[in-house]
Amino acid sequence: MATVKVKGMSCQHCVKSVTEAMEKLGAKDVKIDLLTGDVNYEEPAPIRKDDIKAAIEKIGFEYAG
């Protein structure tokens, strides 16, 4: 399972938006911890971090690695 950190999420709407953005990139089984900002996901095929960063920033959140 891979993990990235996202800043700026504060509610279930944020979780839904990030989950949908990750799923569009091919991520599966996305799980988000609002307290830590950790986004855990399965990647059946490798997903480039630059693509994740672009998708996260496009929906208004900060990709923190």
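If you're wondering where the values come from, they're calculated on a predicted model, not measured in any experiment. Along each chain, residue indices are assigned from 1 in the same order as the chain's sequence is written. For this predicted model, a pLDDT threshold of at least 70 governs which residues receive local features, and a threshold of 80 or more governs which side-chain atom pairs are given and counted, while totals over whole chains, interfaces and linings are taken from all residues. Calculation of side-chain values draws on the structure's entire complement of heavy atoms; hydrogens and water are dropped beforehand.

Novice: Teacher, can you tell me more about the overall build of the protein here?
Specialist: When you go through the protein residue by residue, the secondary structure sums to two helices and four strands. The C-alpha atoms of the protein give 10 Å as radius of gyration, which agrees with the globular expectation for 65 residues (11 Å, within 12%). Over its C-alpha atoms, taken along the principal directions, the protein stretches across nearly 30 × 20 × 20 Å. For the protein, the share of sequence-separated contacts (at least 6 apart) that also reach a separation of at least 24 residues comes to 55%. Each accessible area is a Shrake-Rupley estimate made with a 1.4 Å probe; only the visible protein chains count as cover when residues are assessed. Carbon and sulfur atoms provide 50% of the accessible area of the protein, an area that totals close to 4100 Å². A run of H or I in DSSP counts as a helix once it spans at least four residues, and a run of E counts as a strand once it spans at least two, with each numbered from the N terminus. Every radius of gyration here is taken over C-alpha atoms, with the globule rule written as 2.2 Å times N^0.38, N being the number of residues. Contacts are assigned to residue pairs with any non-hydrogen atoms lying within 4.5 Å of each other.

Novice: Before we go on, may I ask you to explain the sheet that holds strand β1 (residues 2-7) in this structure?
Specialist: Backbone hydrogen bonds hold the strands of a sheet together, and the pairing may be parallel or antiparallel. Following DSSP output, two strands are said to pair if at least two bridges run between them. An order of β2-β3-β1-β4 is seen for the four strands of this open sheet, with the pairing classed as antiparallel. At either end of the open sheet lies a strand with only one pairing partner, and these are β2 (28-33) and β4 (62-63). Packing against the sheet, helix α1 (residues 12-24) makes contact with β2 and β3 (38-42), and its axis sits at approximately 150° to β2. With axes taken as lines fitted to C-alpha atoms, and helix axes fitted only over the stretch in contact, angles between N-to-C directions fall between 0 and 180 degrees.

Novice: Quick question: what am I supposed to make of unusual backbone geometry here?
Specialist: A negative phi angle characterises most non-glycine residues, just as the trans form characterises most peptide bonds. Positioned with a positive phi, D29 is a non-glycine residue whose angle comes to about 50°. For D29, the location among the structural elements is in strand β2.

Novice: Where do I start with the pattern of salt bridges in this structure?
Specialist: Any two side chains of opposite charge can pair, on the condition that their charged atoms come close. A carboxyl oxygen of Asp or Glu within 4 Å of a side-chain nitrogen of Lys or Arg is what we treat as a salt bridge. Within this structure, the stated rule accounts for four salt bridges. Across the salt bridge formed by D29 and K31, the nearest N and O atoms sit 2.7 Å from each other. Salt-bridge contacts for D50 lead to R48; the nearest nitrogen and oxygen are separated by 3.7 Å. Assessed through its relative accessible area of 52%, D50 is described here as exposed. Burial here depends on accessible area, computed with a 1.4 Å probe over protein chains only, as a share of the maximum for the residue type. Under 20% is buried, over 50% is exposed, and the range in between is partly exposed.

Everything listed is a geometric property; what it means functionally is a separate question.
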